[in-house]
Amino acid sequence: MSADNARIGEMFDRLADLLEIEDANPFRIRAYRNGAQTVREHPRSMADLIIEEKDLKELPGIGKDLAEKIRAIVETGRLPALEEVEARTPGVLSDLMKIPGLGPKKVKALYKELNIRSVADLRTAAREQRIRGLPGFAARTEEQILRRTEKFSVEERRFNLLEAEQIKNPLMEWMEKLDGLSQLIVAGSFRRRKETVGDLDLLVTARRNTPVMEHFTGYEEIAEVVSRGTTRSTVRLVSGMQVDLRLVPKTSYGAALHYFTGSKTHNIAIRKMGVKRKLKVNEYGMFRGDKQIGGRTERAVYGLFDMPYIEPELREFRGEIEAALENRLPRLVGPKAIHGDMLCYATDARSTSALAKRAVEREYEWLGVCFDSEGGLDRKQIITWRRALDRTGQRLGIELLLIGEAAIAKDGSIVADQELLSEFDLVAVVVRDGMHLDHGAQTRRLLRALENPHVKLLTSPTGRVIGRYPGMDYDLKRVLAFAAERECMVGLDARPDRLDLSDEACRLAKEVGATVAICSHARTPDELDNLRFGLDQARRGWLERGDLVNTRNSGVIRGQFPD
DNA sequence: GCCGTTTTCGGCCCGACTGTTTTCAGTCG
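Here the structure is a predicted model, which is why all the values come from computation and not from measurement.

The rules behind each value
- Residues numbered from 1 in each chain as written.
- Chains lettered and ligands numbered in written order.
- Predicted model: local features only at pLDDT ≥ 70, side-chain atom pairs only at ≥ 80, totals over all residues.
- Heavy atoms only, no water.
- Pairing = 2+ DSSP bridges.
- Helix = DSSP H or I, 4+ residues; strand = E, 2+ residues; numbered from the N terminus.
- Axes fitted to C-alpha atoms, helices over the stretch in contact; angles between N-to-C directions.
- Salt bridge = Lys/Arg side-chain N within 4 Å of Asp/Glu carboxyl O.
- Buried < 20%, exposed > 50% of the residue type's maximum accessible area, 1.4 Å probe, protein only.
- Phe/Tyr/Trp six-rings, centres within 6.5 Å; stacked < 30°, edge-to-face > 60°.
- Core = buried A, V, L, I, M, F, W, Y, C linked by side-chain atoms within 4.5 Å.
- Near = heavy atom within 4 Å.
- Polar contact = N/O pair within 3.5 Å; in protein donor to acceptor, adjacent residues only side chain to side chain.
- Expected span 1.5 Å × (residues − 1).
- Contact = heavy atoms within 4.5 Å.
- Right-handed = clockwise from strand over helix to strand, strands pointing away.
- Left-handed = near helix turned anticlockwise from the far one by under 90°.

(A) Layout of the sheet that holds strand β8 (residues 280-282). Within the open sheet, the three strands sit side by side as β8-β9-β10. Their pairing is antiparallel. Edge strands, defined here as strands with exactly one partner in the open sheet, are β8 and β10 (291-294). Geometrically, the sheet is characterised by an average inter-axis angle of 35° between neighbouring strands, direction not taken into account.

(B) The pattern of salt bridges, seen in detail. Tallying each qualifying case throughout the model produces 47 salt bridges. Note that R193 is salt-bridged to D536, the shortest N-O span being 2.9 Å. Separated by 343 residues along the polypeptide, R193 in the loop between α12 (188-191) and β3 (196-197) and D536 in helix α24 (residues 531-540) bring together distant segments of the chain. Judged by relative accessible area, R193 falls into the buried class, the value being 11%. With its nearest N and O atoms 2.7 Å apart, the salt bridge here joins D493 to R495. Overall, the relative accessible area of 24% leaves R495 in the partly exposed class.

(C) The sheet that holds strand β5 (residues 222-228), seen in detail. Strand order across the open sheet formed by five strands is β2-β4-β7-β6-β5, with mixed pairing between neighbours. The sheet is open, and its two borders are formed by β2 (181-186) and β5, each paired with just one other strand. The mean inter-strand angle of the sheet, taken between neighbouring strand axes irrespective of direction, is 20°. For β5 and strand β6 (residues 232-237), the ladder comprises five bridges, and the chain directions are antiparallel. Bridge pairing in β6 places S227 opposite T234.

(D) Here's a closer look at the packing of aromatic side chains. Enumeration according to the criterion identifies five aromatic pairs in this entry. Seen from their ring centres, W174 and Y219 are 6.2 Å apart, and the 35° between their planes marks the pair as tilted. Placement of the pair is W174 in helix α11 (residues 161-176) and Y219 in the loop between α13 (212-216) and β5, with a sequence separation of 45 residues. For W174, a relative accessible area of 23% gives the class partly exposed. When the ring of Y302 is compared with that of Y309, the centres are 6.0 Å apart and the planes differ by 90°; the resulting orientation is edge-to-face. Like Y302, the residue Y309 is buried in the burial classification.

(E) Region of the structure containing the nonpolar core. Membership of the largest hydrophobic core comes to 59 residues, with the highest contact counts inside it found for L367, V369, I408, I414, L450, I518 and L548. Sort the elements by how many residues they give to this core and helix α22 (residues 476-485) lands first, with six residues. Grouped together as the second largest cluster of nonpolar side chains are 42 residues, I29, L93, I99 and I131 included.

(F) Quick look at the protein's contact with DNA strand B. Near DNA strand B there are 39 residues, and of these R30, G101, T141, R228 and R232 occur at the shortest range. Close to the protein, within 4 Å, the atoms of DNA strand B belong to sugar or phosphate groups at a rate of 80%. R228 places a main-chain nitrogen or oxygen 2.3 Å from a phosphate oxygen of DNA strand B. At 2.8 Å from a phosphate oxygen of DNA strand B is found a main-chain nitrogen or oxygen belonging to T231. Ranked by the residues each element gives to the surface near DNA strand B, the list is headed by helix α2 (residues 26-41), at five residues.

(G) Here's a closer look at helix α21 (residues 439-451). The end-to-end C-alpha distance of α21 is 19 Å, a good match for the 18 Å that 13 residues give at a rise of 1.5 Å each. Q442, T443, R445, L446, L447, A449 and L450 are the residues of α21 that are buried. Those residues of α21 that are buried lie in contact with β13 (399-408), β14 (414-415), β16 (455-458) and α22. For α21, the capping residue at the N-terminal end is D438, with a side-chain oxygen 3.1 Å from the backbone nitrogen of G440.

(H) Highlighting the pairing of strand β11 (residues 340-346). With seven of seven residues buried, β11 is to be regarded as a mostly interior element. Handedness of the crossover joining β11 and strand β12 (residues 366-371) through helix α18 (residues 349-361): right-handed.

(I) Representation of the packing of α18 against helix α19 (residues 379-396) within the structure. Interhelical geometry of α18 versus α19 gives an angle of 35° and a closest axis separation of 10 Å. Where α18 crosses over α19, the two elements pack in a sense that is right-handed. From α18, A349, T352, S353, A356, K357 and V360 reach across to α19, where they touch A388, L389, T392, R395 and L396.

(J) Region of interest: the pairing of β13. Judged by how many residues are buried, β13 sits mostly within the fold: nine of 10 residues are covered. In this sheet, β13 lies alongside β12 in parallel orientation, the contact comprising five bridges. By the bridge assignment, W366 is partnered in β13 with E399. Bridge count between β13 and strand β15 (residues 426-430): five bridges; the pairing is parallel. Note on β15: the bridge partner recorded for G404 is V427. With two bridges joining them, β13 and β14 adopt antiparallel strand pairing. Bridge pairing in β14 places I408 opposite I414. Two successive antiparallel strands, β13 and β14, enclose a turn made up of five residues, where G412 displays a positive phi of approximately 90°.

(K) Quick look at unusual backbone geometry. Note the cis peptide between G262 and S263, where omega equals -5°. Looking at where S263 falls in the secondary structure, it is placed in the loop between α14 (253-261) and α15 (264-276). A positive phi angle is found at N115, which is not glycine, with a value near 55°.

Structure below.
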């Protein structure tokens, strides 16, 4: 996802906000929002598409007008339509709309009546109690505004999957204490295993008269109960995570699960298919006219359209519906099919043994082990490691592969004694510095590194850290294709704060025929569990058994990438 | 502003919850 796309999306959203304040045609506003989402979620940058003379009108929600506006932004960095609106209505007002509880109407009133333009203005006015008394604002609203602007900075935070699980697990334990609960599941992007999660969507069915909402809002980690009704409640936890809970009848459970799992664009596509067949699909069920014809199970939603079940990880409206209709959905890999982990780090015989032992418990047949070495390494050291691995492997009944990891220099050469490289079972390379090189130089650097015949694995391919560093800028497709040609594996760094490759990059790897190796990068036995986040990502990237080296048995593995 | 196997006009998701209201508008997902 390029910064440019994010900027285009932001401009469209801002325009939509201001038009909303001006009370413009709501469908026109939505068109801008849809366009913003399409652009933001597109894997390629709009600038690239324009260079390649692709027709932007092919993108969903982009027509003649938006295509021209995108082109204008890419070429000039400006959106004249936005500037025109900003001449009438200050652009910063759109920041106010991000505060929960403030929508276009309230923001407009605050601006017109009190000339409030910024969050700072708003706080001052609230403290001075100038807001109460405005039509539609009472003392309570004013207090709420003050409270919510205080927390404004934390509200936007997204959590990685590990953080989300650590918040979710104790909450689920709390909910399960409730007598009368039948079904309890987390839907939303968490269920789709998206790499970051903004909130948790709990879906619940229960026996009649079960005090679900009372129990839920009694959870001790709650910082604020945002709303509480009979079928829906929203809370914000101390951690900053927002949690929505929805109570649905059992006859709607499947439909609701589908609806609240999303993604939104996937749901819209499904709903549209329903409309064509004169069927209504919503969170309550599937209907022909007024008659409910399904809703208990999620599978039935897809069955309605003669489609096979689409796994949550695939529901991003990236071709999964067409694939399902044509019966060519990928067969996603489950945890049982995983026989090994390509990369963990040991420091000595003892840590090797601890990692290997855990790997055996996880029913792995093989494990790639890399030794952290200080400074250069020598033949003697390698022999020591090899011995430790062989002994431990035999004792525990697991094949341990000796991985040598070397850095890629800025010129693409491998920083290591070339003769020693052949002593390893497998040589992995990684970019440790010079991540800022420009597109061309970085591409050349990686291609050159892969030319080295010893190199069999490229780890942490983009170097990204989720939410902190977007990753190196280079021609990923070209590098992946070259890796495929050279029979060099591409690592999927499974650490939950990295997940490097992205889901889209996994698809790209599959497209060019590169073999992906999920790597936990564990330094402790517990961290071997990171692998499952990598597997989630691989599933989101449509990878199948044959695309992943982790599904292969020992024996096959050593001969797989001969030196 | 977008879209089209009812195609160039006339649709576009809508129900739950809140707060202030006295019958409902605004916001959210």
